[in-house]
Each structure stands twice: as C-alpha cells, then as structure tokens.
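Secondary and tertiary structure notes
Letter by letter, the chains look like this.
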Amino acid sequence: LAYHRDGTAGLNRLLSLFNGYHCTNATTRRALAVAGLEQEVANLGAWGKDELHRLVAAFLEVRFPTVVVLNKCDRPSARAHVDRLKAARPGLDLVPCSAR
C-alpha cells in the first residue's frame, strides 16, 4: 500500500478501501486513531495481520456503533444484571429500560 516514504499514497489508498462502506475519510482516520495506528501509517508496507485486525475492529466500532437495550429493568432483580453487564463490558453502551 505504501508507495512513498511519507506514506501519503499508501494512506490515500487505505482510505479509499473503506469508501465502499459509505463513510468519509474522517471516519477511517478516526478508526486509525482508535486502533492506535495513526503514527504507523507511514509504514503501511510493514503492517501485518495484527495491525490490519486492529484497524478493522476499530473501524467496525466507529462506523457501526452498538447500543444494547436492556428491557424489563423494572423488575427487582434487574439492577444486579445491569451492574454485572456494565462490569463485564465497560466500553459497551447499555440502556436500561422498561416497557411500562
């Protein structure tokens, strides 16, 4: 992917690969930041499976955020379940709710 030492051609090619998901270059750049790969863009040719996996995982997180709605939170036992889920998945957006 990297054609120039400064990585600009490689970066432009990398950004274009994610355009098929109807996202802006800013979204892909945000994924690079979330993955901690902003500084490594100039060295795309040296990337391996680990870097690509980090970028794809970060892209999915940025482009397709997940919100989990926890229904039946009006029940007495709900608080314990909500607390357990929050502890198990600290970065996940949980929304306790009740249909009542």
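First things first, this report covers the structure right here in the doc.

Conventions we followed
- Residues numbered from 1 in each chain as written.
- Predicted model: local features only at pLDDT ≥ 70, side-chain atom pairs only at ≥ 80, totals over all residues.
- Heavy atoms only, no water.
- Pairing = 2+ DSSP bridges.
- Helix = DSSP H or I, 4+ residues; strand = E, 2+ residues; numbered from the N terminus.
- Right-handed = clockwise from strand over helix to strand, strands pointing away.
- Buried < 20%, exposed > 50% of the residue type's maximum accessible area, 1.4 Å probe, protein only.
- Lys, Arg positive; Asp, Glu negative; His and termini not counted.
- Salt bridge = Lys/Arg side-chain N within 4 Å of Asp/Glu carboxyl O.
- Contact = heavy atoms within 4.5 Å.
- Expected span 1.5 Å × (residues − 1).
- Arc of directions from axis to C-beta.

With that settled, the discussion passes to the pairing of strand 1 (residues 67-70). Strand direction decides the pairing type here: strand 1 and strand 2 (residues 93-96), joined by 4 bridges, are parallel. Each bridged residue has a counterpart across the sheet, and for Leu-70 the counterpart in strand 2 is Pro-96. Each parallel crossover has a hand, and the one from strand 1 via helix 4 (residues 78-88) to strand 2 is right-handed.

Moving on: the side chain of Glu-51. Mapped onto the fold, Glu-51 is located in helix 3 (residues 49-63). There is no salt bridge for the buried Glu-51, and the closest opposite charge comes from Arg-54, which lies 5.0 Å off by N-O distance. Not counting residues up to four positions away in its chain, the partners in contact with Glu-51 are Leu-37 and Glu-40.

With 15 residues, helix 3 extends 21 Å from end C-alpha to end C-alpha; this agrees with the ideal 21 Å at 1.5 Å per step. Burial in helix 3 covers these residues: Glu-51, Leu-55, Ala-58 and Phe-59. Viewed along the axis of helix 3, the buried residues span an arc of 105 degrees, placing them on a single side of the element. Exposed residues pointing more than 90 degrees away from the buried face of helix 3 are listed as Lys-49, Asp-50, His-53 and Glu-61.

Read these as geometric descriptors, not functional statements.
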